Amino acid sequence: MLSAPYFTHKGTVFPETALYTVDHFNYVENEFQMLDDDVVSVVYPKSGTHWMGEILSLIRQDGDPTWARSVILWDRIPWIENAPTKDIVLNYAPPRFMSSHLPFQLFPKSFLHSKAKIIYTVRNPKDTLVSFYYFSKALKFLKDPGTMQDFLEEFLSGDVAYGSWFDHVKGWLAMKDKPNFFIHTYEELQQDLQGSMERICRFLGKELTSQQIDSVVENASFETMKDNKMSNFTQVVDEYMDHSKGKLMREGKSGSWKKYLTVAQSEQFDRVYKEKMRGVTVTFPWD
Ligand code: A3P
């Protein structure tokens, strides 16, 4: 198995890449000032980060797709934790729309004293696992995942980049009763993108007409995003991605884990899920 080097920062595993530095993590956690009109999409990897990025940048532009078609996604909705894009975040004309994979304990502390809005997207972790497995084959700073069984064991024990899915979800669920925190699922987006857009706009205080919402829905669809080179990851440089081994816009389905996990693997997953999610009162579509 190839081994891309990882490091652990305050208990969470990150890939060793120029994107992540301990100095920047400390700056983000302790010094970065969230503004009241900030909007942050927080997502555990492979759970719909880019989809939400596209949706939010379309909503920010009242459904007009010009920005989404002309500016690369990670400049439209930059990652807070990525060191090289610090200036893009700091120079962003308000309202800033940003993205993050950070677990709650590493997120800017200033959020707790601000009215900044967070949209937290969760996905059926079995689909996340499968998506992560295939993406790990292509993204060069992620470890080669080995077999599905190898990766399943690592995912369940939290020994994967960005840390444990269970800790991420449980950490962020602590915010669920805050008025500036919105939690929803990838599955809800799949089932009813229109209704989800209306709920998200209401949360953001954005009044879009039904035509503008229709435009968001159309331009954030899997088919449209797949062909948008500003959003489909095809512009990631070869230094970071082996495009012959995988792609971001892979299947875009809910429940397709059934094609990839054996019954025994699914049962193993369920046992750990039940144990680790004990005490969680929120019910998800896959529960
Ligand atoms: P699959 O690998 O299951 O296809 P992230 O953006 O967090 O890295 O998540 C990537 C996953 O989101 C991929 O899942 C990708 O296909 C899916 N995705 C991206 N855009 C989507 C869209 N517009 N509609 C549905 N799924 C989308």
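All values reported here derive from a predicted model rather than from experimental measurement.

A.B. asks: Outline the site of the ligand, supporting the account with residue identities and numerical values.
C.D. replies: If you check the shell around the ligand, you find 19 residues, and the closest are Thr 49, His 50, Ser 131, Glu 251 and Gly 252. At 2.8 Å from an oxygen atom of the ligand is found a side-chain nitrogen or oxygen belonging to Arg 250. Measuring from an oxygen atom of the ligand, one finds a backbone N or O atom of Gly 252 at 2.7 Å. Placement of the ligand is best described as lying within the largest pocket. Of all the secondary-structure elements, those providing two or more residues to the shell around the ligand are helix H2 (49–60), helix H9 (186–191) and helix H12 (222–226).

A.B. asks: Can you lay out H2 for me, pointing to particular residues and giving the numbers?
C.D. replies: In a regular helix each residue adds 1.5 Å, so twelve residues correspond to 16 Å; H2 covers 16 Å between its end C-alpha atoms and thus fits that length. Taken residue by residue, H2 has Thr 49, His 50, Trp 51, Met 52, Gly 53, Glu 54, Ile 55, Leu 56, Ser 57, Leu 58, Ile 59 and Arg 60 as its buried positions.

A.B. asks: Any chance you could break down the environment of Ser 41 for me, citing the residues and the numbers?
C.D. replies: Along the polypeptide, Ser 41 turns up in strand E3 (residues 39–43). Considered as a pair, Ser 41 and Val 236 are 195 residues apart in the sequence and their alpha carbons are 21 Å apart. When neighbours within four sequence positions are excluded, Ser 41 is seen to be in contact with Met 52, Leu 56, Ile 77, Met 98, Ser 99, Ser 100 and Ile 119.

A.B. asks: Please provide a residue-by-residue account of the sheet that holds E3, values included.
C.D. replies: As summarised here, the arrangement of the four strands in space is E4-E3-E5-E6, forming an open sheet in which the pairing is parallel. Of all the strands in the sheet, just strand E4 (97–100) and strand E6 (181–185) have a single pairing partner and so form its edges. Between one strand axis and the next, the sheet turns through 20° on average, direction left out of account. Bridge count between E3 and strand E5 (residues 117–122): five bridges; the pairing is parallel. When the bridges of E5 are listed, Val 39 appears paired with Lys 117. Strand contacts of H2: E3, E4, E5 and E6, with the helix running at about 165° to E3, the strand carrying the most contacts.

Rules of the game
Residues numbered from 1 in each chain as written. Predicted model: local features only at pLDDT ≥ 70, side-chain atom pairs only at ≥ 80, totals over all residues. Heavy atoms only, no water. Near = heavy atom within 4 Å. Polar contact = N/O pair within 3.5 Å; in protein donor to acceptor, adjacent residues only side chain to side chain. 1 Å grid on protein atoms, 1.4 Å probe; cavity = no way out; pocket = protein on both sides within 12 Å on 5 of 7 lines; lining within 4 Å. Sits in = over half its atoms within 2 Å of the grid points. Helix = DSSP H or I, 4+ residues; strand = E, 2+ residues; numbered from the N terminus. Expected span 1.5 Å × (residues − 1). Buried < 20%, exposed > 50% of the residue type's maximum accessible area, 1.4 Å probe, protein only. Contact = heavy atoms within 4.5 Å. Pairing = 2+ DSSP bridges. Axes fitted to C-alpha atoms, helices over the stretch in contact; angles between N-to-C directions.

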